[in-house]
Amino acid sequence: MTAPQKTILIIEDEPHIVLGLRDALEFEGFAVLSATRGKEGVTLARNEGPDAVILDLMLPDINGYAVCEELRRYNPLVPIVMLTARSQESDKIRGLDAGADDYVTKPFSVNELIARMRAILRRAARSSVAAPDLYSCDTWSVNFSNHTLVARGVEHPLSFYEVELLRLLVERVGQPVSRDDILTKVWGLEASPTNRTVDNFIVKLRKKIEKAPDKPQHILTVYGFGYKFVA
Ligand code: CA
């Protein structure tokens, strides 16, 4: 094997889930670190610099949202996939707001999770080698290389899915982009996020970009189809 081995950190207290994930990830060629408590996970992440984190929402000491925010504080770019036992949409959105890039609901398929991990890592690698890349609009600008967006004087860190989604829409300025197209190009075919995932990320981007997120001027909904970026 010549490609450098990627390290995945699992923060989860249920031993059978850790064991199942560890086996599957190691079989796929990843190195695996694990922590059963949130604080231990944060320390491990800081010391070891994993390439991605799988983070459970329910932990014995601090909850996954707090862990996510703590991880983001010193590493805005490490991909984080949250495991949640809850299926309520509000929990997922809260996880995404806390800085997670994606989530899966328990019980989940290990293969599905690994497919998402691969898609995430591929996109993370691609955006880290891209040339400095800026786009400016009237009241905001985005730096696709360092994942920051400045809108009306406020700087917002972007997760890489937000970056990739915004990049795709900006590249197709003035043209409607279908949800299917977004899922294929941003999330990758082998992962199977739902259309709702795209919509959640659109909501996140609008909150950062739009002066009035409920009356968007830049990221417009094309009903029954997808979205359109207008400069
Ligand atoms: Ca747990």
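Right, let's walk through the structure included here. Worth saying up front: this structure is predicted, and the values here are computed from it rather than measured.

1. Section: the pattern of salt bridges
One side chain can pair with another of opposite charge once the charged atoms of both are near each other. Throughout the structure, instances matching the rule amount to 13 salt bridges. Salt-bridge contacts for Lys106 lead to Glu12; the nearest nitrogen and oxygen are separated by 2.9 Å. With Lys106 in the loop between strand S5 (102–105) and helix H5 (110–129) and Glu12 in the loop between strand S1 (7–11) and helix H1 (15–27), this residue pair connects regions lying 94 residues apart in the sequence. Here Lys106 and Glu12 have matching classes, each one buried. One network of salt bridges, in which partners are shared, links Glu12, Glu14, Asp56 and Lys106.

2. Topic: the packing of aromatic side chains
Taken as a whole and judged by the stated rule, the model has four aromatic pairs. The lysine or arginine in question, Lys204, covers the ring of Phe201, its NZ or CZ lying 5.3 Å from the ring centre.

3. Regarding unusual backbone geometry
Most peptide bonds adopt trans geometry, and most residues besides glycine take a negative phi value. In this structure, Pro107 follows Lys106 across a cis peptide bond, with omega equal to -5°. Following the sequence through the fold, Pro107 ends up in the loop between S5 and H5. Here Arg152, not a glycine, exhibits a phi torsion of approximately 50°, which is positive. Along the chain, the position of Arg152 falls in the loop between strand S8 (148–151) and strand S9 (154–157).

4. Some remarks on the coordination of the calcium ion
At 2.1 to 2.7 Å from the calcium ion lie its protein donor atoms, namely Glu12 (OE), Asp13 (OD), Asp56 (OD) and Met58 (O). One chain supplies every donor to the calcium ion, and in sequence these donors are spaced E-D-x42-D-x1-M. A residue pair is termed long-range when its members are at least 10 positions apart, and Asp13 in the loop between S1 and H1 and Met58 in the loop between strand S3 (52–56) and helix H3 (64–74) qualify at 45 residues.

5. Quick word on helix H7 (residues 179–187)
For H7, the full list of buried residues reads Arg179, Ile182, Leu183, Val186 and Trp187. An end-on view of H7 places all buried positions within 100° of arc, on one side of the element.

Cut-offs applied
Residues numbered from 1 in each chain as written. Predicted model: local features only at pLDDT ≥ 70, side-chain atom pairs only at ≥ 80, totals over all residues. Heavy atoms only, no water. Salt bridge = Lys/Arg side-chain N within 4 Å of Asp/Glu carboxyl O. Helix = DSSP H or I, 4+ residues; strand = E, 2+ residues; numbered from the N terminus. Buried < 20%, exposed > 50% of the residue type's maximum accessible area, 1.4 Å probe, protein only. Phe/Tyr/Trp six-rings, centres within 6.5 Å; stacked < 30°, edge-to-face > 60°. Lys NZ or Arg CZ within 6 Å of the ring centre and 35° of its normal. Donors = N, O, S within 2.8 Å, 3.2 Å for Na, K, Ca; no water. Arc of directions from axis to C-beta.

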